[in-house]
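Read off the chains here:
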Amino acid sequence: MDNSAVYVRERGNLRRVGDIVLAQPKPASSCRRTNPFVLRREHFVFTYNEEGSLRYTSKSLFDITLLFVADNIHHVDSLVGFPDQIGDRLFVAAEENRVFLNPDISPKALKLFSDAYGEMVLRSLCLRNRFPLLHERMDEIKTFHSLKSLDLFGCKLGDDHELFQHLTSTSLANLVQLFIGGNSLSDAGLQRLTAPIRMMRRGLDCLQVLDVSYNPLSERALRYVTCLPKLVKLDASGTNMKINTGLKTAMWNVLGLIYSEKPLDAFDHSGCKTEGWAEQVVNQWETNGSQMPKQKKMEESRTAALRFFGRQKFVRDVLNAAPLNGENVEVSSREKLHFYRPATNSHVTERQISSATNHQVKSPCNNVKKRKQEPGTCSASQKSPPIKRSPSSSLTAEDIDLLNSY
């Protein structure tokens, strides 16, 4: 254990395992699932008896091994196949050792757990108005592959952010709810975000709830959302769209959604939170990021000082200018533009959408003019929401140029 070489005996033969350098044992700190009054020193636990005398007992071999693996988690190749109980305790041990605060080890360690335990590590992530945390921990956030809910409201993404490519990748194939409101996202930005889905027909296949509120979007952006086959709820509040007969008709014809007179509970932020093993890790990131690091000695000390104080002022100004704070919430509550798909026709629409997005199989309902003698096959289309446009027909010259830029 003194940072020397590691030898393993297998089948009576002793062999050396690479040049692995083991980590030095660290003094363990109290955590959410451990007894804060028990001091852990090396392999012993020190306690006091009823008379007040100090006594110590040795730890179990399992605890010693668990701490050893947690200290050297960056040398582990895979955890696939290990029981969930072991993974949970190993994750807690790594969290106690503050492994996930090390930017050199944290991405690999989180990916190790995410690949093995999926949504148990993190199923919901809320980064609402916490854009400094998003930009500082971008590599770690990309390792969460089993998210079902992601809230990026007010994260200042703009029209061209590196996170867009991750949102439309197969890593977030199980995403059900996505909140990207308050990000200064224009029609061109939404076009760029959905371009991989419309062109390659993959990504966000399970998305049902989409929030694009408080972005400078127009009705022209609706055609970029037709690539989402299971979309049932949309929040367009605070955009350039105004509720009128034309918008209701366009929303019905393009997406098959109708206007909701009452605000939908799906867009209530009170139901969005971070859930999973990594919940405390995200809180540690935010707490650690709020504490300004000590200024390092650099040759250009004046430049470093400007960066230090400039970042503090930048974070303070943006947080104060965050949307939907204070009185703005009451004003915006009167201008909710929530749309939803009628539940009675959801199953019919989903079947029609799946047939429309398949470019190889021709649906009987697509040839209504040629087959008027069969009213039974298309009678449901008169009562159900209209079929979304085929992704292949929505490709324009701008889309082709955008595809070439990838």
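Please refer to the structure higher up on the page.
So, here's what we can say about the structure. What you are looking at is a predicted structure, and each value in this text was computed from that prediction instead of being measured.

A word on the pattern of salt bridges
No. 1: Summed over the entire model, instances satisfying the criterion amount to nine salt bridges.
No. 2: With its nearest N and O atoms 3.4 Å apart, the salt bridge here joins Glu119 to Lys148. Taken together, the residues Glu119 in the loop between helix 3 (106-117) and strand 6 (124-126) and Lys148 in the loop between helix 5 (138-141) and strand 7 (149-151) connect sequence positions 29 residues apart.
No. 3: Residue Glu119 is classed as partly exposed on the basis of its relative accessible area, which comes to 34%.
No. 4: Measuring nitrogen to oxygen at the nearest pair gives 3.3 Å for the salt bridge that ties Arg192 to Asp160. Placement of the pair is Arg192 in helix 7 (residues 187-200) and Asp160 in the loop between strand 7 and helix 6 (163-167), with a sequence separation of 32 residues.

Digging into the sheet that holds strand 11 (residues 258-259)
What links the strands of a sheet is backbone hydrogen bonding, and the strands pair in either a parallel or an antiparallel sense.
No. 1: An order of 6-7-8-9-10-12-11 is seen for the seven strands of this open sheet, with the pairing classed as mixed. What marks the edges here is a single partner per strand, and that holds for strand 6 and strand 11.
No. 2: Note that strand 7 and strand 8 (residues 177-179) share three bridges and pair parallel. Paired with Ser149 across the strands is Gln177, a residue of strand 8.

Comments concerning the pairing of strand 1 (residues 7-10)
No. 1: With four bridges connecting them, strand 1 and strand 2 (residues 13-16) associate as antiparallel partners. Looking at the pairing, Tyr7 lines up with Arg16 of strand 2.
No. 2: A loop of two residues connects strand 1 with strand 2, the two strands running antiparallel in sequence, and Arg11 in this loop sits at a positive phi of about 55°.

A closer look at the state of the cysteines
No. 1: One pass over the full model with this rule turns up zero disulfides.
No. 2: Free of any disulfide, Cys155 has its nearest neighbouring cysteine sulfur in Cys126, separated by 8.8 Å.
No. 3: For Cys155, a relative accessible area of 0% translates into the label buried.

A look at the packing of helix 1 (residues 61-71) against helix 2 (residues 84-96)
No. 1: Taken N-terminus to C-terminus, the directions of helix 1 and helix 2 make an angle of 60°; their axes are 9 Å apart at the nearest point. Between helix 1 and helix 2, the interaxial angle falls into the category oblique. Handedness of the crossing formed by helix 1 with helix 2: right-handed. Contacts between helix 1 and helix 2 involve Phe62, Asp63, Leu66, Leu67, Val69 and Ala70 from the former and Ile86, Arg89, Leu90, Ala93 and Ala94 from the latter.

Concerning the packing of helix 2 against helix 3
No. 1: Where helix 2 contacts helix 3, the two axes come as close as 11 Å, and the packing angle between them is 160°. The angle between helix 2 and helix 3 places the two elements in the roughly antiparallel class. In this structure, helix 2 crosses over helix 3, and the sense of that crossing is left-handed. Residues Asp84, Gly87, Leu90 and Phe91 of helix 2 pack against Leu110, Phe113 and Tyr117 of helix 3.
No. 2: Of the residues that constitute the contact of helix 2 with helix 3, the class distribution is five nonpolar, one polar and one charged.

As for the packing of aromatic side chains
No. 1: Here the structure, examined in full by the defined rule, presents eight aromatic pairs.
No. 2: Ring geometry for Phe91 and Phe113: centres 5.0 Å apart, planes at 80°, overall edge-to-face. Of this pair, Phe91 sits in helix 2 while Phe113 sits in helix 3; the two residues are 22 residues apart in sequence, bridging distant segments of the chain.
No. 3: When the centroid spacing of 6.0 Å and the interplanar angle of 50° are considered together, the rings of Phe91 and Trp277 count as tilted. Residue Phe91 is found in helix 2, and its partner Trp277 is found in the loop between strand 11 and helix 9 (279-290); the two are separated by 186 residues along the sequence.
No. 4: Residue class for Phe91 comes out buried when judged on its relative accessible area of 0%.
No. 5: Take Trp277: its relative accessible area is 12%, and that puts it in the buried class.
No. 6: Through a chain of ring-to-ring contacts, the aromatic side chains of Phe91, Phe100, Phe113, Tyr117 and Trp277 assemble into a single cluster.

Focus on the side chain of Arg130
No. 1: Here Arg130 lies in the loop between strand 6 and helix 4 (131-136).
No. 2: Owing to a relative accessible area of 16%, Arg130 belongs among the buried residues under this scheme.
No. 3: From its side chain, Arg130 meets the backbone oxygen of Cys126 in a polar contact 2.7 Å long.
No. 4: Those residues within four positions of Arg130 in sequence are excluded, and the remaining contacts are Val282, Asn283 and Glu286.

Let's talk about the nonpolar core
No. 1: Ranked by internal contacts, the top residues of the largest apolar core, which has 73 residues, are Leu152 and Leu210.
No. 2: If near-sequence neighbours (up to four positions away) are discounted, Leu152 is found in contact with Leu127, Leu134, Leu157, Leu163, Leu167, Phe179, Ile180, Gly181 and Asn183.
No. 3: Formed by five residues, the second largest nonpolar core is a distinct cluster that contains Phe179, Leu264, Ala266 and Phe267.

Criteria and thresholds
- Residues numbered from 1 in each chain as written.
- Predicted model: local features only at pLDDT ≥ 70, side-chain atom pairs only at ≥ 80, totals over all residues.
- Heavy atoms only, no water.
- Salt bridge = Lys/Arg side-chain N within 4 Å of Asp/Glu carboxyl O.
- Helix = DSSP H or I, 4+ residues; strand = E, 2+ residues; numbered from the N terminus.
- Buried < 20%, exposed > 50% of the residue type's maximum accessible area, 1.4 Å probe, protein only.
- Pairing = 2+ DSSP bridges.
- Disulfide = S-S within 2.5 Å.
- Axes fitted to C-alpha atoms, helices over the stretch in contact; angles between N-to-C directions.
- Parallel < 35°, antiparallel > 145°, perpendicular 65-115°, else oblique.
- Left-handed = near helix turned anticlockwise from the far one by under 90°.
- Contact = heavy atoms within 4.5 Å.
- Nonpolar A, V, L, I, M, F, W, Y, C, P; charged D, E, K, R; others polar.
- Phe/Tyr/Trp six-rings, centres within 6.5 Å; stacked < 30°, edge-to-face > 60°.
- Polar contact = N/O pair within 3.5 Å; in protein donor to acceptor, adjacent residues only side chain to side chain.
- Core = buried A, V, L, I, M, F, W, Y, C linked by side-chain atoms within 4.5 Å.

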